Amino acid sequence: MDSPGIVIGFYMMAGLALGSGTLVFLARNLLHALAFLVISFLSMAGLFLTLSADFIAMAQILIYAGSISVLMVFAVMLTPLASRDNGNTIYVLPGLLAAGGIATFVGFLALDTSWSGPATDFTTTIDLIGNLLLGKYVLAFEIASVLLLFALIGAIMLVQTSSSDQEEGEADD
Amino acid sequence: MTEIYELIFEIGLMHYLIVSGSVFGLGTAIALGKRSAIAVLMGIELMLNGSILALLAFSRFPQNTSSDAGLVDGHVFVVFILSVAAAEAAVALALSVLVYRKRETVDLDRINLMRW
């Protein structure tokens, strides 16, 4: 039996994550959807804490709720003439069907399988993750850093405007 | 009666997997059904978050304790997913700004340059 705090925390965080995720879909304004997305990310970080994943929860708050949402706000603000409407395409019905199918499938499998194994409690995961990252997974770690460098360079190269590009754009208009 | 009580109040792998599948499904619905490119990005981030939750849940409730893989390997996988998600978001948002500059819209229904 878990402590009641964990049970209450799990249901609160799960409800908040799913509820604000639904509101991302339903919100009329794109910026409101973004705000609900941040709430969803934060409550997912709370769920990670109930799984005793302290480092990942902090990384989630820093990377998702912090930087990726700021990046999205920048993208919304840098497209001022585009519509702020969070409208649906004609593919919304197949999308909803796919979503329901996936959720039902995973839920059915999770209910149907008899899961074994006790829960493992980590007092801290940071030193273990650090040892694995610089030991067993050092090659993947280096490749991830190269990927981030190329993403940085690629993003800068995509959005930079050289003077000749600008003249071309004006000639097009 | 006690079974139902245990099902509700004994938080296990099953509960986390159900939440993870639902968040992934929500992300799918948003990614497939939204018109704005930025909203589609939001859906993809939600899908990644759902899969991260499943990885962490399996790391806390290991099913095969005899294997020599450590218990925090799932956490390391999540670190890689986070870095790839950050890179992907940066490039995709740069792309949407670029498309906006050319076409003055990020509406995916109206970006039909490659349709014949």
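Residues numbered from 1 in each chain as written. Chains lettered and ligands numbered in written order. Predicted model: local features only at pLDDT ≥ 70, side-chain atom pairs only at ≥ 80, totals over all residues.

1. So, the overall build of chain A
Helices and strands together make up the secondary structure of chain A, namely 7 helices and 0 strands. Element order for chain A, N to C, with α for helix and β for strand: α-α-α-α-α-α-α. Here the C-alpha radius of gyration of chain A, 21 Å, is well above what a compact globule of 173 residues would show, namely 16 Å. The dimensions of chain A, computed from C-alpha atoms along their principal axes, are 70 × 45 × 25 Å. (Helix = DSSP H or I, 4+ residues; strand = E, 2+ residues; numbered from the N terminus. Rg over C-alpha atoms; globule rule 2.2 N^0.38 Å.)

2. A look at the confidence of the model for chain B
All names here are of chain B. Chain-level statistics for chain B give a pLDDT mean of 86 and a share of 94% at 70 or above. Between the elements of chain B, mean pLDDT differs from a low of 79, seen in helix 1 (residues 2–9), to a high of 93, seen in helix 2 (residues 13–33). ipTM for the predicted complex: 0.89, alongside a pTM of 0.88. (pLDDT = per-residue confidence, 0-100.)

3. A closer look at the interface of chain A and chain B
In this complex, chain A contributes 78 residues to the contact, which on the side of chain B involves 69 residues. Elements with a minimum of two residues in the side of chain A that touches chain B: helix 1 (4–26), helix 2 (30–50), helix 3 (54–77), helix 4 (92–112), helix 5 (126–133) and helix 6 (138–159) of chain A. In terms of residue count, helix 4 of chain A provides more of the side of chain A that touches chain B than any other element does, 13 residues in total. Across the side of chain A that touches chain B, the residue classes tally to 58 nonpolar, 19 polar and 1 charged. (Contact = placed C-beta atoms within 7 Å. Nonpolar A, V, L, I, M, F, W, Y, C, P; charged D, E, K, R; others polar.)

4. Concerning unusual backbone geometry
Excluding glycine, most residues fall at negative phi; most peptide bonds, likewise, are trans. Positive phi outside glycine occurs at A:Ser52, with the angle close to 50 degrees. With respect to the helices and strands, the residue A:Ser52 is situated in the loop between helix 2 and helix 3. At B:Glu104, a residue that is not glycine, the phi angle is positive and equals roughly 60 degrees. Topologically, B:Glu104 is positioned in the segment after helix 4 (73–103).

5. Section: helix 2 of chain B
If you check helix 2 of chain B, its first and last C-alpha atoms are 30 Å apart, about what 21 residues at 1.5 Å a residue would give, namely 30 Å. With 20 of 21 residues buried, helix 2 of chain B lies mostly within the body of the structure. (Expected span 1.5 Å × (residues − 1). Buried ≥ 20, exposed ≤ 12 C-beta atoms within 10 Å, placed from the backbone.)

6. Notes on the packing of helix 1 of chain A against helix 2 of chain B
Running from amino to carboxyl end, helix 1 of chain A crosses helix 2 of chain B at an angle of 10 degrees, the nearest separation of the two axes being 9 Å. Classified by the angle between their axes, helix 1 of chain A and helix 2 of chain B sit roughly parallel to one another. Residues A:Phe10, A:Ala14, A:Ala17, A:Leu18, A:Gly21, A:Thr22, A:Val24 and A:Phe25 of helix 1 of chain A form the contact with helix 2 of chain B, whose own contacting residues are B:His15, B:Val19, B:Ser22, B:Val23, B:Leu26, B:Ala29 and B:Ile30. Residue classes in the contact of helix 1 of chain A with helix 2 of chain B are distributed as 11 nonpolar, 4 polar and no charged. (Axes fitted to C-alpha atoms, helices over the stretch in contact; angles between N-to-C directions. Parallel < 35°, antiparallel > 145°, perpendicular 65-115°, else oblique.)

7. A look at the nonpolar core
In terms of nonpolar packing, the biggest core is built from 75 residues, with B:Ile38, B:Met42 and B:Leu53 touching the most fellow members. Of all the elements, helix 3 (residues 37–60) of chain B adds the most residues to this core, at 14 residues. Taken together, domain 1 (1–87) and domain 2 (123–173) of chain A each give at least three residues to this core, which thus spans both. Once you skip the residues sitting within four places of it in the chain, B:Leu53 turns out to touch A:Met44, A:Leu47, B:Tyr16, B:Val19, B:Ser20 and B:Val23. (Core = buried A, V, L, I, M, F, W, Y, C linked by C-beta atoms within 7 Å. Domains from an automatic or database assignment.)

8. Here's the deal with the environment of A:Ala35
Residue and element names in this part refer to chain A. Turning to its location among the elements, Ala35 is positioned in helix 2. A count of 16 C-beta atoms within 10 Å places Ala35 in the partly exposed class. For the pair Ala35 and Glu142, spaced 107 residues apart in sequence, the C-alpha separation works out to 34 Å.

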